[in-house]
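Each chain, letter by letter, is given below.
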Amino acid sequence: MDHSPLIRAAIEARGNAHAPYSGFPVGAALLCGDGSVFLGCNVENLSFGLTMCAERVAIGAAVAAGKRDFQCLAIAAESDEVPSPCGACRQVLAEFNPELTVFSANLSGKVERFSLEILLPRASTGILNRP
Ligand code: THU
């Protein structure tokens, strides 16, 4: 699969980020099984803890539209290394697809591919002790 369109979508979504406190805009694009794509960007708040990460905004948009069959996620930020989803986002992504493929890109063209299984092993066993 050519992941470049999804990465381009994440870069475009990054342009809508509300990140006045960190100065670190992030974009996300979530590809669903039917080919639809949902976008997210980080939405920060003066009460810092209320900040929503780009990944979770994209998931919320998809779920609100009735989509849960997530195939692949792209995230993009301007950083030397590619960005990496925070622990909370990893857990929320795992709720829907623990084997999700994640493409992380910076704006210099560096892209890394991860499996969510690597980013968050044993995602469900810690909470409900599911097998
Ligand atoms: N952030 C994301 O939106 N996604 C990530 O994968 C990493 C971090 C946001 C949260 C906060 O608004 C800013 O980036 C700095 O951490």
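Please read these numbers as outputs of a predicted model, since none were measured by experiment.

**Student:** Can you help me understand the pairing of strand β4 (residues 101-106) in this one?
**Tutor:** Extensive coverage of β4 is indicated by the burial of 6 of its 6 residues. Burial along β4 is two-sided: Thr101, Phe103 and Ala105 and Val102, Ser104 and Asn106, pointing in opposite directions, are all buried. In sequence, β4 turns back onto strand β5 (residues 111-115) through a hairpin of 4 residues, with Gly109 there showing a positive phi of about 95°.

**Student:** Looking at this model, I keep getting lost on a nonpolar patch on the surface. Mind explaining?
**Tutor:** On the surface, Tyr21, Leu46 and Phe48 cluster together into a nonpolar patch covering about 370 Å² of accessible area. According to the relative accessible area criterion, Leu46 is exposed, its value standing at 65%.

**Student:** Looking at this structure, I do not really get the side chain of Asn106. What am I missing?
**Tutor:** You can see Asn106 is positioned in strand β4. Owing to a relative accessible area of 4%, Asn106 belongs among the buried residues under this scheme. A polar side-chain atom of Asn106 sits 3.2 Å from the main-chain amide nitrogen of Gly109.

**Student:** Is there a simple way to think about the environment of Gln91 in this case?
**Tutor:** Mapped onto the secondary structure, Gln91 falls in helix α3 (residues 87-96). A relative accessible area of 30% places Gln91 in the partly exposed class. Taking the C-alpha atoms as reference points, Gln91 and Ser124, separated by 33 residues in sequence, lie 8.5 Å from one another.

**Student:** Mind showing me how you'd approach the sheet that holds strand β3 (residues 70-77) here?
**Tutor:** Picture the strands of a sheet paired through backbone hydrogen bonds; they go either parallel or antiparallel. Spatially, the 5 strands line up as an open sheet ordered β2-β1-β3-β4-β5, and their pairing is mixed. Each edge of the sheet is formed by a strand with only one pairing partner; in this case those strands are β2 (37-41) and β5. Across the sheet, the mean angle from the axis of one strand to that of its neighbour is 20°, orientation sign disregarded. Of the strand pairs in this sheet, β4 and β5 are connected by 5 bridges, and their pairing is antiparallel. Note that in β5 the partner of Ala105 across the bridge is Val111. Sheet contacts for helix α2 (residues 54-64): β1 (26-32), β2 and β3; angle to β2, the most-contacted strand, approximately 140°.

**Student:** Looking at this model, I keep getting lost on the nonpolar core. Mind explaining?
**Tutor:** Generally speaking, nonpolar side chains in soluble globular proteins are found buried as a group. Among the nonpolar cores identified, the biggest contains 21 residues, and Ala28, Leu30, Phe70, Leu73, Leu93, Leu100 and Leu116 are the most heavily contacted of them. At the level of secondary structure, the elements contributing two or more residues to this core comprise β1, α2, β3, α3 and α4 (116-119). Excluding residues within four positions of it along the chain, Leu116 makes contact with Arg90, Leu93, Ala94, Asn97, Pro98 and Leu100. Counting 11 residues, the second-largest nonpolar core is a separate cluster that includes Ala10, Cys72, Ala74 and Phe103.

**Student:** Sorry if this is basic, but what is going on with α3 here?
**Tutor:** Structural remark: α-helix, 3.6 residues per turn; residues separated by three or four positions point the same way. The complete set of buried residues in α3 reads Cys89, Arg90, Leu93 and Ala94. One side of α3 holds all its buried residues, which, seen down the axis, span an arc of 140°. Along its buried surface, α3 packs onto α2, β3 and α4.

What counts and what doesn't
Residues numbered from 1 in each chain as written. Predicted model: local features only at pLDDT ≥ 70, side-chain atom pairs only at ≥ 80, totals over all residues. Heavy atoms only, no water. Buried < 20%, exposed > 50% of the residue type's maximum accessible area, 1.4 Å probe, protein only. Helix = DSSP H or I, 4+ residues; strand = E, 2+ residues; numbered from the N terminus. Pairing = 2+ DSSP bridges. Patch = residues over 30% accessible without salt bridge, like charges linked within 9 Å, V, L, I, M, F, W, Y side chains within 5 Å. Areas by Shrake-Rupley, 256 points an atom, 1.4 Å probe, with all protein chains shown as cover. Salt bridge = Lys/Arg side-chain N within 4 Å of Asp/Glu carboxyl O. Polar contact = N/O pair within 3.5 Å; in protein donor to acceptor, adjacent residues only side chain to side chain. Axes fitted to C-alpha atoms, helices over the stretch in contact; angles between N-to-C directions. Contact = heavy atoms within 4.5 Å. Core = buried A, V, L, I, M, F, W, Y, C linked by side-chain atoms within 4.5 Å. Arc of directions from axis to C-beta.

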